[in-house]
Amino acid sequence: MPLVGVATGVTPDLDQCTRRRLLGAVGAAGAAAAVGLGTTGGGTAQNETDGSNATTQENGGADVDSPYTDTYRETIDSVVLVTISGSGLRGGGGGGIGTGFVIDDEHIVTNNHVVQNASEGGIEVQFSNQEWRPASIVGTDAYSDLAVLRVDDLPDIAGELSLSEAEPVIGQEVLAIGNPLGFDASVSQGIVSGIDRSLPSPTGFSIPAAIQTDAPVNPGNSGGPLVSLEGDVLGVVFAGAAQTIGFAISARLANRVVPALIEDGTYEHPYMGVGVQPVGPEIADELGLEEANGVLVAEVVPNSPADGVLTPAGRRGPGSGDVIVAIDGEEIPNQDQLSAYLALETSPGDTIELEIVRDGEERTVELTLTERPNIERPGTGIPSGPSERPPATGP
């Protein structure tokens, strides 16, 4: 099932937003509301009545022996509801909600698509003790779909969560914590189903090194933490595609992007200027490769770092193009690994060594990466699949 675009709508008066209204809205929306990006533009928000969150936090006072309960209790006070009022799309005056989490004594991480349409002064966050704070945008990065907010005077309960430096392990248990469909302080459990996924993005560039999980992810979860049972943030929840498939932006990528957003407000991504496609058995046979491995250079962007260095297949057929098999000694078996390596191991200005196969012969070439150019693209929807990514706007 394809990923779909950001849901948008008008945010109602938060004082009028009750759980009864939320349940009615969910019932009317049906299953369709549970599919897509983890924000909800319906504008539903946490109920501010006394004790609405306290019952969730205390579990009725029961002493439950569960690792999920322990992790939830250790992390929930650092997870916030993010509410947005903004200009909306097409001048519509919309808003919505999402999730975020505290990383230090003044900063909160969330998704760029959660806050990208916020008006000035239009972001409020609510903590687990029901306290509200205004938040301002420190920096955003559309390419990784990450954003950092600043909140002055955080509540005392809000400790920081740590972005993990370790690569997640397939099969590892995880919890997604956030506000799905406006239900505050919720938790869902699952495992890491896959790593190094490339996710389609409205920018035309894929989001690399993403985590796939079967922990249920719904509108409102966007920007929340995907945590290990030790309470470390493995990823920032990004989108859901079906009941058993959700995605999170890797903490390994966030560890590169977030500090730059705090320091400079922006992040510079490395850029090669190639469009690539996988090497299947048919292409491997045409190229004379012993194994179907690596990525075929299908297109080279004019005046990009790859221009004059790599040879694209173009209209002459796969046999005429270079195949990238390794970068700096690291094997590149597929497109996802190429994007992940560039995103996690390189920076603009770095000179990388590419091992390629050209005309049936192995050779080594060098290429100096530049900063990714800005590309104007209409709309904010998510393409329905990798095949819709323009091939020349890859790594």
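Note: the structure precedes this text.
Note that the structure is predicted; figures quoted are calculated from it, not measured. (Residues numbered from 1 in each chain as written. Predicted model: local features only at pLDDT ≥ 70, side-chain atom pairs only at ≥ 80, totals over all residues. Heavy atoms only, no water.)

Enquirer: Got a sec to walk through the overall build of the chain? Specific residues and values, please.
Expert: When you go through the chain residue by residue, the secondary structure sums to seven helices and 22 strands. When each of the 395 residues of the chain is scored for burial, the buried share is 52%. As presented, the chain carries roughly 16900 Å² of accessible surface, and 46% of it is formed by carbon and sulfur atoms. (Helix = DSSP H or I, 4+ residues; strand = E, 2+ residues; numbered from the N terminus. Buried < 20%, exposed > 50% of the residue type's maximum accessible area, 1.4 Å probe, protein only. Areas by Shrake-Rupley, 256 points an atom, 1.4 Å probe, with all protein chains shown as cover.)

Enquirer: Tell me about the environment of Ala166, and name the residues and values.
Expert: Tracing the chain through its elements places Ala166 in the loop between strand S8 (146-150) and strand S9 (173-178). Residue class for Ala166 comes out partly exposed when judged on its relative accessible area of 48%. Between the C-alpha atoms of Ala166 and Leu234, which are 68 residues apart in sequence, the distance is 8.0 Å.

Enquirer: Describe the pairing of strand S21 (residues 361-368), and please don't skip the residues or the numbers.
Expert: Across eight bridges, the pairing between strand S20 (residues 351-358) and S21 is antiparallel. Counterpart to Glu355 in the pairing with S21 is Thr364. In this antiparallel pair of consecutive strands, S20 and S21, the connection spans two residues, and Asp359 shows a positive phi of 55°. (Pairing = 2+ DSSP bridges.)

Enquirer: Describe in detail the side chain of Ser78, supporting the description with residues and values.
Expert: With respect to the element layout, Ser78 can be found in the loop between helix H3 (67-75) and strand S2 (79-86). By relative accessible area, Ser78 is classed as buried at 4%. In this structure the side chain of Ser78 is engaged in a polar contact, spanning 2.3 Å, whose partner is the backbone oxygen of Gly159. Contacts of Ser78, omitting those with residues within four sequence positions, involve Gly100, Phe101, Val102, Ala158, Gly159, Glu160 and Leu161. (Polar contact = N/O pair within 3.5 Å; in protein donor to acceptor, adjacent residues only side chain to side chain. Contact = heavy atoms within 4.5 Å.)

Enquirer: Any details on the nonpolar core? Residues and values, ideally.
Expert: A general trend in soluble globular proteins is that nonpolar side chains are found buried together. Judged by nonpolar contacts, the single largest core of 37 residues is most densely connected at Phe101, Val109, Leu146, Phe238 and Ile249. Elements represented by at least two residues in this core include exactly S8, S9, strand S11 (207-213), strand S13 (233-242), strand S14 (245-250), helix H5 (251-264) and helix H7 (335-345). It is H5 that provides the largest number of residues to this core, a total of seven residues. Counting 20 residues, the second-largest nonpolar core is a separate cluster that includes Val274, Val276, Ile324 and Val365. (Core = buried A, V, L, I, M, F, W, Y, C linked by side-chain atoms within 4.5 Å.)

Read these as layout, nothing more, since geometry by itself doesn't imply function.
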